[in-house]
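Reading the structure
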Amino acid sequence: GHFCGGTLISPEWVLTAKHCLEKSSSPSSYKVILGAHEEYHLGEGVQEIDVSKLFKEPSEADIALLKLSSPAIITDKVIPACLPTPNYVVADRTACYITGWGETKGTYGAGLLKEARLPVIENKVCNRYEYLGGKVSPNELCAGHLAGGIDSCQGDSGGPLVCFEKDKYILQGVTSWGLGCALPNKPGVYVRVSRFVTWIEEIMRRN
Ligand code: 4AZ
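On a predicted model such as this, the values are computed, not experimentally measured, just so you know.

**Thoughts on the environment of Ile203**
- Summarising the element assignment, Ile203 is placed in helix H2 (residues 197–206).
- In this structure Ile203 comes out as buried when scored by relative accessible area, which is 13%.

**What about the layout of surface pockets?**
- Taken as a whole, the largest pocket encloses approximately 1,400 Å³ of empty space.
- Taken together, 47 residues form the lining of the largest pocket, with Gly6, Ile33, Gly35, Trp101 and Leu113 sitting closest to its centre.
- Listing elements by their share of the lining of the largest pocket, those giving two or more residues are strand E1 (7–10), strand E2 (13–16), strand E3 (31–34), strand E6 (95–100) and strand E9 (160–165).
- Of the residues belonging to the lining of the largest pocket, the class tally is 25 nonpolar, 15 polar and 7 charged.
- Of the pockets and cavities examined, the second largest pocket occupies roughly 380 Å³.
- When contributions to the lining of the second largest pocket are tallied by element, the ones reaching two or more residues are E6 and strand E7 (114–121).
- For the lining of the second largest pocket, the residue count by class is 8 nonpolar, 6 polar and 6 charged.

**Section: the state of the cysteines**
- On inspection of all chains with the given rule, the structure shows 4 disulfides.
- A sulfur-sulfur separation of 2.0 Å characterises the disulfide bridge that pairs Cys4 with Cys20. Classification of the bridge connecting Cys4 and Cys20 rests on its S-S torsion, roughly -80°, and on that basis the disulfide is left-handed. Linking Cys4 in the segment before E1 with Cys20 in the loop between E2 and E3, this pair joins segments that are 16 residues apart in sequence. Like Cys4, the residue Cys20 is buried in the burial classification.

**Some thoughts on the packing of aromatic side chains**
- For the coordinates displayed, the defined rule picks out 4 aromatic pairs.
- With a centroid separation of 6.1 Å and 45° between ring planes, the pair formed by Phe3 and Tyr30 is classed as tilted. Here Tyr30 lies in the loop between E2 and E3 and Phe3 lies in the segment before E1, a separation of 27 residues in the sequence.
- For the pair Phe164 and Tyr169, a centre-to-centre distance of 4.8 Å together with 65° between the ring planes defines the contact as edge-to-face.
- Assessed through its relative accessible area of 40%, Phe164 is described here as partly exposed.
- A cation sits over an aromatic face here: Lys23 above Phe3, 4.9 Å from the ring centre.

**A look at the pairing of strand E4 (residues 47–56)**
- Strand direction decides the pairing type here: E3 and E4, joined by 4 bridges, are antiparallel. Within E4, the position partnered with Lys31 by the bridge is Asp50.
- Examined bridge by bridge, E4 and strand E5 (residues 64–68) share 5 bridges and lie antiparallel to one another. Within the sheet, the bridge partner assigned to Lys53 lies in E5 and is Lys67.

**A few points about the sheet that holds E2**
- If you trace the 5 strands from one edge of the open sheet to the other, you get E1-E2-E5-E4-E3, paired in antiparallel fashion. Edge strands, defined here as strands with exactly one partner in the open sheet, are E1 and E3. Taken over all neighbouring pairs, the strand axes of this sheet differ in orientation by 40° on average, direction set aside.
- Bridging between E2 and E5 involves 4 bridges; their strand directions are antiparallel. Looking across to E5, one finds that Trp13 is bridged to Lys67.
- Across the sheet, H2 touches E1, E2, E4 and E5, and the angle it forms with E5 is around 25°.

What counts, and at which threshold
Residues numbered from 1 in each chain as written. Predicted model: local features only at pLDDT ≥ 70, side-chain atom pairs only at ≥ 80, totals over all residues. Heavy atoms only, no water. Helix = DSSP H or I, 4+ residues; strand = E, 2+ residues; numbered from the N terminus. Buried < 20%, exposed > 50% of the residue type's maximum accessible area, 1.4 Å probe, protein only. 1 Å grid on protein atoms, 1.4 Å probe; cavity = no way out; pocket = protein on both sides within 12 Å on 5 of 7 lines; lining within 4 Å. Points joined across faces, edges and corners; volume = space filled by probe spheres on them. Nonpolar A, V, L, I, M, F, W, Y, C, P; charged D, E, K, R; others polar. Disulfide = S-S within 2.5 Å. Phe/Tyr/Trp six-rings, centres within 6.5 Å; stacked < 30°, edge-to-face > 60°. Lys NZ or Arg CZ within 6 Å of the ring centre and 35° of its normal. Pairing = 2+ DSSP bridges. Axes fitted to C-alpha atoms, helices over the stretch in contact; angles between N-to-C directions. Contact = heavy atoms within 4.5 Å.

Structure below.
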């Protein structure tokens, strides 16, 4: 069954969270589902593809790459996301979007792919004592509503945080962790993809 999200970044590569790969170190334990909307009814145009290799980022970062055993077919429903410029810093209050089949805590839409719009909260603010109190590294970014109520949650991990810049959506975050879900003053934390673009491109080039 579904337990984490991921983002297609090229026909053969999916970016996800490293903590999503704790259950097994064997690629054959995992399968990637592309182009689905309903979690329990994979409709037309869905592609189910085996994983041939796992690549975990070698430092502390909660990010990993999956190499697919065969390339995804690019369609209107299965489209790779754009990577950011290396070390790009998303500005405070930029509107970004998360998606996933994660825990809904009794709100509408369990089993349907949900999307939420969240503002980025710059690290200096997010690390204030009353928010995440210094737990957020420069390799991460925060997004959320300080009032609470809208957030990623368990099962959304590994999935995308995309932000519109100029004329397209760019994958700026990988859903990683939080202190609970949707609590006031506890924004969600995302791996800052721009810090790992050189690692990502190097792995893809060499494999
Ligand atoms: C999780 O357990 C999880 N609100 C992911 C994201 C967040 C909390 C928990 C962020 O996978």
